[in-house]
Amino acid sequence: MTQSEFGLPEGTHTVVLGLGDLCGIMRGKRIPATHWDTICQSGNALSIALFAIDMTCDVWDTPYVNFGNGYPDMHMLPLTRPVSLPWEPGVAFCLARAEGMDHKPVPIDPRNVLVRQIERAAAMGYAVNVGTELEFYLLDPETRRPRDKGIQVYGLERAAELEHVLGPIRQQINEAGIPIEQSNPEYAPGQVEVNIHYGDALLSADRVVIFRSLVKQLATHHGYLATFMAKPFFEQSGNGFHTHYSLWKDGKNAFADGGKLSQTGRHFVGGLQKRMAEMSVCGTLTPNGYRRRQPFSFCPINTTWGLDNRTVGIRVIEGADAATRVEKRDGTADCNPYLMLAAEVAAGLEGIEQGIEPSAMTTGNGYEDEAAEPIPGSLDTAIALARQSDWLKALCGDDLYELLCQMCEREIEFVNAQVTPVEIDRYLGNF
């Protein structure tokens, strides 16, 4: 790899080089442009602990990287051509890939889990396309509360009020290589949704990692704190991450049959239903994330599926052949997109391989479908299912599987070790 293959935009003095960690948070380094050619040829060293830390950067002894082996190095190398950041003149941004000191992929790199599933799909003759929708809050950095009041979902007046920050997010992130389709106010004060144009599943996951990082940077630039935390306010809407899937073969959408869901699409839904509960930790990593799982909240609580139905876990959208797709609706905006998309693709492909038929379609309120299999309503339940899942272990690989489970178990311990303000308010003065 040479500087010419990853040439810098004219006037660049600094390159931001980073990749997604265990939680899908982008981490890396800022590198002088004068050193870029060396980085392209030899990479940039940093600890493999990047893939073995939680969202607070806490480290612990893990099977692959630990105090016993000294938390050794790996290398970051450029993966995409650097693009200028419009809000930072002279600064370019570049996604990296991880490589071990043996020049092989790092076994605990979550991105590799999705790579394997894309290769599996390709071997079956399919290209996997995914469109992503992410919700997040724009908050006052001092109070950590919304600056606006009231629910104005889709409200054009609220959109105009937020345009001074949402406009740059749409326009400048689009200029930085993430194709933004639209934005709108969501179902809470300070909450917005941004849709990213569909693309190859691996590219789409890369874009989510980059998008979340750039949104937080841009929000700070405009005096806001952006958060993708799943449920920052219990009384308000949570931040979801919806994925829209279609499989393509020979230039045609394999999920479409005359504008209706094809048999292949039905089997993909059946596979998602089969694995939806045990893959839950891939889409929701924290106890907080499971606070979204409330009836009648537009966050699913079971594996129901239906046509254009927002009460179910798996929503099918029919219409033009090119637009027919399957939407999975239970993920949280703070998940690792590589792990979530990998699990969803793997489950769907299994459904196709095994001809798994979905349950009877839900035509009414999915929250009231008593026959539907529930999905975990707590991280404890999700971990218990993950710990019993040979399928999930094979998907992730032994070391990453153990890391993922350990991190989730630690999150439960951290939350359970706290005395909450609610407990103080209710009990301290009354007992």
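It should be emphasised that the depicted structure is a prediction, and the values quoted were computed from it without experimental measurement. (Residues numbered from 1 in each chain as written. Predicted model: local features only at pLDDT ≥ 70, side-chain atom pairs only at ≥ 80, totals over all residues. Heavy atoms only, no water.)

Chemist: If you had to explain the packing of aromatic side chains to someone new, which residues and values would you point to?
Modeler: Tallied over the entire structure, the rule returns nine aromatic pairs. For the ring pair F211 and F228, a centre distance of 6.3 Å and an interplane angle of 70° mean the geometry is edge-to-face. Linking F211 in helix α5 (residues 201-221) with F228 in the loop between β10 (225-227) and β11 (240-249), this pair joins segments that are 17 residues apart in sequence. What makes F211 buried here is its relative accessible area of 0%. An aromatic cluster is present here, built from F136, F211 and F228 joined pairwise through their rings. Between the NZ or CZ atom of R147 and the centre of the ring of Y224, over which it lies, the distance is 4.3 Å. For K231, the ring lying beneath its charged end belongs to F234, and the centroid distance is 5.8 Å. (Phe/Tyr/Trp six-rings, centres within 6.5 Å; stacked < 30°, edge-to-face > 60°. Helix = DSSP H or I, 4+ residues; strand = E, 2+ residues; numbered from the N terminus. Buried < 20%, exposed > 50% of the residue type's maximum accessible area, 1.4 Å probe, protein only. Lys NZ or Arg CZ within 6 Å of the ring centre and 35° of its normal.)

Chemist: Break down the packing of helix α2 (residues 110-123) against α5 for me, citing the residues and quoting the values.
Modeler: Two numbers describe how α2 lies on α5: the axes approach to 9 Å, and their chain directions differ by 160°. On the basis of the axis angle, α2 is roughly antiparallel to α5. As α2 packs across α5, the resulting crossing turns out to be right-handed. The residues of α5 that touch α2, namely those facing R111, L114, V115 and I118, are A201, L202, A205 and D206. Among the residues making up the contact of α2 with α5, the classes are represented as six nonpolar, no polar and two charged. (Axes fitted to C-alpha atoms, helices over the stretch in contact; angles between N-to-C directions. Parallel < 35°, antiparallel > 145°, perpendicular 65-115°, else oblique. Left-handed = near helix turned anticlockwise from the far one by under 90°. Contact = heavy atoms within 4.5 Å. Nonpolar A, V, L, I, M, F, W, Y, C, P; charged D, E, K, R; others polar.)

Chemist: Kindly report on the environment of A277, identifying the contributing residues and their values.
Modeler: Relative to the assigned elements, A277 resides in the loop between α6 (263-275) and α7 (280-283). C-alpha separation for the pair A277 and G377, spaced 100 residues apart in sequence, amounts to 9.8 Å. Those residues in contact with A277, other than ones at most four positions away along the chain, are E373, P374, I375, P376 and L385.

Chemist: Please set out the pairing of strand β1 (residues 14-20) residue by residue, giving values where relevant.
Modeler: Counting buried residues along β1, seven of its seven residues qualify, which places the element largely inside the surrounding structure. Burial of the side chains of β1 extends over both faces: T14, V16, G18 and G20 are buried on one face and V15, L17 and L19 on the other. Bridge analysis of β1 against strand β6 (residues 91-100) gives five bridges, and the strand direction is parallel. The residue bridging G18 from the neighbouring strand is L95, located in β6. Adjacent in sequence and paired antiparallel, β1 and strand β2 (residues 26-32) are bridged by five residues, among which G24 carries a positive phi angle near 80°. (Pairing = 2+ DSSP bridges.)

Chemist: Got a sec to walk through unusual backbone geometry? Specific residues and values, please.
Modeler: Phi is positive for Y71, which is not a glycine, with a value near 50°. For Y71, the position within the fold is in the loop between β3 (44-47) and β4 (73-78). Positive phi outside glycine occurs at H103, with the angle close to 65°. In this structure, H103 sits in the loop between β6 and α2.

Chemist: Go over the pairing of strand β8 (residues 180-185), please, and point to the residues and values.
Modeler: As judged from the five bridges shared by β8 and strand β9 (residues 191-200), these two strands associate in the antiparallel manner. Within β9, the residue paired with P185 across the bridge is V192. What sits between β8 and β9 in their antiparallel hairpin is a turn of five residues, with G190 showing a positive phi close to 80°.

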